[in-house]
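Residue strings, one per chain:
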Amino acid sequence: MSSRVAVLFPGQGAYLPGVLADRVRYFPRAAEALETIDAVAAEHGLEPVASLLQERDAPSLDDLLAKSSDQLDLAIYAVNAAGFEILTGLGLRADVLVGHSFGEFAALSSAGAVSVADVAHMACTRTRAFHEAEPADGGLLALDIPAWRTEHLVGLLDDPGLRLAIDNGPGQTVVSGPRRSLDAVEEVAAGLGFRATRLRARYAFHNPALHLAADLFSRFTADVPLSEPRVPVYSPVLGRYVRTAADVRQVIDRNMVAPVRFYDALILLFRQGTTAFIEAGARQALTGIARSSLPPAARALPLLPSRGDMNSITTALGEAGFPVSLPPLPGRPDQDAEESQDLPGSPPAAVAPPPREALSTRADVLAHLADMYAQDLGFPVEMLSPDIDLEADLGVDSAKQLALFQRVRTRYELPEPSAEQRVRATTLGRIADLVEEQRR
């Protein structure tokens, strides 16, 4: 019996500049989805998002949050929509679609319950709803504890603004609320000895505090045509399958304020025979959650964990048990086979790092960091240039980056950096600068 396949669609934060460069050109339907989304963006007076996903020097996630946050939801949706078309174009068929938070809208459009253009309009009107509602300053905080402990913590603090917003599994839950309330949670977490990480979110999502924005969004989208999904969709917000157009409407109406029970969704699907989970969007947040939450019999892999070419995608899918062939470029039926067969070999072994007393200059620190990271990650040391982005270019997730940075702190006896410093230290050059700054 073949594996049942679930395609996962990430939400907040699932953006990488240039992640679709050199990839969309193989898949006309993916390119068509980006064109449709850009046309909708123009109708709403927004800049196009296709360039953000196809140009490697496009603004980073932090830059978009700071300067062009209105584009971010559209960009996240565009990656999800294009990613699903890439999977389809490679011949993979999903048995069930699951979205996480804002990613639920991508699951619905991929299932044919809402058109790509209408979801793009919804992303724009969602931004409009936030602008008009002007919700209080809030955010999200991830905790490395299970949901039952988080619920006890929220109850202990007795803060009406705090909510358990997302249950990702035994190793991660997310609380939402006003920033001052999240400060209190961080203090308690530090006292109890578990990790608390601020997420890059603009509002207290999945919290009744957003009820006004949610009401406006429901009103703005009331006329959007909805239909029964053509592919099964499981909603972590509803806690059940989406079977009718009325169910689709409930997902839309409740998406901002209802908690996300993603762990429950993973467990249910696994029990129903789903053993393969492929993340369609950018980065690999949901892949990490699935790997850490499900038994070893489950396979989870990201489609677009980093920037790269199509060979990186076909190789990863093949190694995971999904052999696929790269389609010819449109207009080039006799495409050179070498373009799809020239797969990268195994990385050479890394050289042992130099003794600590030799690390006196920034160049020494950079050389040591390159050796350390190459040895741990399995990349050629010459590949780890000072400006290569660990996540955007190499697909190293935030948890792995944090673990490696803790080794750097121990090696150099550094104090704990601020959250902002740690978030920005995504290249070896920036990590070396941070080491130098804190050693002064």
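Being a predicted model, the structure only gives us computed values, none of them experimental.

Caption draft 1: Main features of the environment of L53. Inspection of the secondary structure puts L53 in helix α2 (residues 50-54). In this structure L53 comes out as buried when scored by relative accessible area, which is 0%.

Caption draft 2: Up close: unusual backbone geometry. Within the chain, D158 stands out as a residue other than glycine whose phi angle is a positive 50 degrees. Locating D158 in the fold gives a position in the loop between α7 (147-157) and β4 (163-169). Of the residues examined, D158 reaches a relative accessible area of 65% and is grouped as exposed. One non-glycine residue, H206, adopts positive backbone phi at about 60 degrees. Here H206 shows up in the loop between β6 (196-198) and α9 (211-220). Overall, the relative accessible area of 2% leaves H206 in the buried class.

Caption draft 3: Inspection of the sheet that holds strand β3 (residues 138-143) at higher detail. Across the sheet, 4 strands lie side by side as β4-β5-β3-β6; this open sheet has antiparallel pairing. At either margin of the open sheet sits one strand with a lone partner, and together these are β4 and β6. With strand direction ignored, the average angle separating the axes of adjacent strands in the sheet is 25 degrees. Examined bridge by bridge, β4 and strand β5 (residues 172-178) share 5 bridges and lie antiparallel to one another. In the strand pairing of β5, L164 is matched with V175.

Caption draft 4: Looking closely at helix α1 (residues 28-43). Along its 16 residues, α1 runs 23 Å from first to last C-alpha, staying within 8% of the 22 Å computed at 1.5 Å per residue. All of the buried residues in α1 are A30, A33, L34, I37, D38, V40 and A41. Projection of α1 onto a plane perpendicular to its axis shows the buried side chains occupying an angular sector of 160 degrees, all on one side. Opposite its buried face, α1 presents the exposed residues P28, R29, E35, A42 and E43, each directed more than 90 degrees away. Where the residues of α1 are buried, they touch α2, α4 (69-89) and α6 (116-133). Phi turns positive, to about 75 degrees, at G45, one or two residues after α1.

About the thresholds
- Residues numbered from 1 in each chain as written.
- Predicted model: local features only at pLDDT ≥ 70, side-chain atom pairs only at ≥ 80, totals over all residues.
- Heavy atoms only, no water.
- Helix = DSSP H or I, 4+ residues; strand = E, 2+ residues; numbered from the N terminus.
- Buried < 20%, exposed > 50% of the residue type's maximum accessible area, 1.4 Å probe, protein only.
- Pairing = 2+ DSSP bridges.
- Axes fitted to C-alpha atoms, helices over the stretch in contact; angles between N-to-C directions.
- Expected span 1.5 Å × (residues − 1).
- Arc of directions from axis to C-beta.
- Contact = heavy atoms within 4.5 Å.

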